[in-house]
Amino acid sequence: MTSYFGIVPSNELKSNIEIAHKNRNNSEPQYPLRDKMALKLNDELIESLLIDLVKHLPASEKRDTAEKLAGYVRSTVSVLLKQLLSKTPNEQVLKSLEFLEKSLFTDNDDQQRIGVELPDDLVSQMRASFAEVYAGNGKAQREPLAHQFKLFADKIIKHYLTDFNKTLDLGLIKRKASDLATSAVGKAVHMAIDKLFPSLSQDELHAVAKHFDEVLIQKK
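Note that the structure is a prediction, hence the values are computed from the model and not measured.

Definitions and cut-offs
Residues numbered from 1 in each chain as written. Predicted model: local features only at pLDDT ≥ 70, side-chain atom pairs only at ≥ 80, totals over all residues. Heavy atoms only, no water. Helix = DSSP H or I, 4+ residues; strand = E, 2+ residues; numbered from the N terminus. Expected span 1.5 Å × (residues − 1). Buried < 20%, exposed > 50% of the residue type's maximum accessible area, 1.4 Å probe, protein only. Contact = heavy atoms within 4.5 Å. Pairing = 2+ DSSP bridges. Axes fitted to C-alpha atoms, helices over the stretch in contact; angles between N-to-C directions. Parallel < 35°, antiparallel > 145°, perpendicular 65-115°, else oblique. Nonpolar A, V, L, I, M, F, W, Y, C, P; charged D, E, K, R; others polar. Salt bridge = Lys/Arg side-chain N within 4 Å of Asp/Glu carboxyl O. Core = buried A, V, L, I, M, F, W, Y, C linked by side-chain atoms within 4.5 Å. Polar contact = N/O pair within 3.5 Å; in protein donor to acceptor, adjacent residues only side chain to side chain. Phe/Tyr/Trp six-rings, centres within 6.5 Å; stacked < 30°, edge-to-face > 60°. Left-handed = near helix turned anticlockwise from the far one by under 90°.

Details of helix α3 (residues 61–84)
The first and last C-alpha atoms of α3 sit 35 Å apart over 24 residues, in line with the 34 Å expected at 1.5 Å per residue. Of all the residues in α3, the buried ones are Thr65, Ala66, Leu69, Ala70, Val73, Thr76, Val77, Leu80, Leu81 and Leu84. Tucked inside the fold, the buried residues of α3 contact α2 (31–56), α6 (142–166) and α7 (172–196).

Describing the pairing of strand β3 (residues 112–118)
Burial of β3 is extensive: 5 of the 7 residues sit out of reach of the surface. Pairing geometry for strand β1 (residues 2–7) and β3, over 5 bridges, is antiparallel. Looking across to β3, one finds that Ser3 is bridged to Leu118. Where strand β2 (residues 104–106) folds back onto β3 in an antiparallel hairpin, the turn is made up of 5 residues, including Asp110, whose phi is positive at roughly 65 degrees.

Examining the packing of α2 against α3
Where α2 contacts α3, the axes come no closer than 9 Å and their chain directions differ by 175 degrees. Classed by the angle they form, the pair α2 and α3 counts as roughly antiparallel. Packed against α2, whose contacting residues are Ala38, Leu39, Asn42, Asp43, Ile46, Glu47, Leu50, Ile51, Val54 and Lys55, the element α3 presents Arg63, Ala66, Glu67, Leu69, Ala70, Val73, Arg74, Val77, Ser78, Leu81 and Lys82 at the interface. Split by residue class, the contact of α2 with α3 holds 12 nonpolar, 2 polar and 7 charged.

Focus: α7
One turn of the α-helix equals 3.6 residues, which is why residues spaced by three or four share an orientation. Helix length check: α7, at 25 residues, gives a terminal C-alpha distance of 36 Å against a target of 36 Å (1.5 Å per residue), a fit within 8%. The inward-facing, buried residues of α7 abut α3 and α6.

Thoughts on the pattern of salt bridges
When the charged atoms of two side chains lie near each other, side chains of opposite charge can form a pair. Going through the model one piece at a time under the given rule, you end up with 12 salt bridges. Between Asp163 and Lys158 there is a salt bridge, with its nearest N and O atoms 3.0 Å apart. Among the residues examined, Lys158 registers a relative accessible area of 44% and is labelled partly exposed. Residue Glu214 is joined to Lys210 by a salt bridge in which the shortest nitrogen-to-oxygen separation is 3.5 Å. When salt bridges that share partners are traced, they join Glu12, Lys40 and Glu44 into one network.

Here's the deal with the nonpolar core
Proteins that are soluble and globular tend to have nonpolar side chains buried together. Phe5, Phe149, Phe152, Phe197 and Phe212 are the most contacted members of the largest nonpolar core, which totals 66 residues. Considering every element that reaches this core, the biggest residue donor is α2, with 11 residues. Ignoring anything within four residues of it in the chain, the contact list for Phe5 reads Leu45, Leu49, Phe105, Ile114, Gly115, Val116, Leu118, Phe152, Ile156, Val215 and Leu216.

Structural notes on the side chain of Arg113
Structurally, the position occupied by Arg113 is in strand β3. A distance of 3.5 Å separates a polar atom in the side chain of Arg113 from the backbone oxygen of Glu214. Ignoring anything within four residues of it in the chain, the contact list for Arg113 reads Gly6, Ile7, Val8, Pro9, Ser103, Leu104, Phe105, Asp107, Glu214, Val215 and Ile217.

Topic: the packing of aromatic side chains
With the rule as written, the count across this model stands at 8 aromatic pairs. Taking 5.6 Å as the distance between ring centres and 80 degrees as the angle between the ring planes, the aromatic pair formed by Phe5 and Phe152 counts as edge-to-face. Linking Phe5 in strand β1 with Phe152 in helix α6, this pair joins segments that are 147 residues apart in sequence. Note on Phe5: relative accessible area 0%, which makes it buried.

Some remarks on the packing of α6 against helix α8 (residues 202–213)
Relative orientation of the contacting elements α6 and α8 amounts to 35 degrees, with a least axis distance of 13 Å. In the packing of α6 onto α8, the handedness of the crossing is left-handed. In this structure, α6 uses Arg142, Leu145, Phe149 and Phe152 to contact α8, whose residues at the interface are Leu205, Val208 and Phe212. For the contact of α6 with α8, a count of residues per class yields 6 nonpolar, no polar and 1 charged.

Purely geometric numbers; function is a separate question.
Written out as structure tokens, the structure reads:
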């Protein structure tokens with residue numbers, strides 16, 4: 001069994017990935033397409049991970065906190081990428097494009113998704129917690145879910161910020177900026193989890209479980 005987090009990419013993003021693959025040996029500069037793909041992908045990831053989740057939560061102070069987190073992460077990642085992405089030779093750009101291509105996989109319904117492989121035990125633990133929430137035992141799952149979601153968030157951040165940024169061949173100053181911004185995003189997510197999960201109601205936990213059940217994939 002292999003476990004993933006994966007979203008269904010938009011038609012625009014899917015088309016750009018296909019174009020990048022076809023243009024692999026093209027002599028024309030490829031960095032504009034890489035930049036477009038990187039920004040679009042991160043926007044769609046944040047949309048799925050945070051913004052779509054917020055829409056499922058009942059109006060409350062907790063929803064306001066989640067909305068602020070979503071806005072902070074979206075703006076921070078966008079600003080960071082725009083600072084890091086720059087005119088780059090095609091041979092270097094190819095490393096980033098290959099990274100994005102390797103993030104593609106096909107789910108159990110033959111639907112193409114883009115995401116990251118996750119530890120099987122983590123996804124199994126999350127799925128077990130979701131099952132308890134569906135059974136009406138959400139309160140007892142607050143602490144386990146908070147821990148699991150921190151580990152989950154760390155994996156996503158490492159893959160799409162830390163690991164992807166390594167393909168950009170950054171200089172010392174940009175590497176430091178990348179590390180600082182990535183650390184800030186991670187801390188903000190952990191703080192929000194610590195603030196949100198201990199007080200989530202059964203209905204709110206059900207909304208969280210249902211949302212993430214759709215993007216956690218386990219393939220045999």
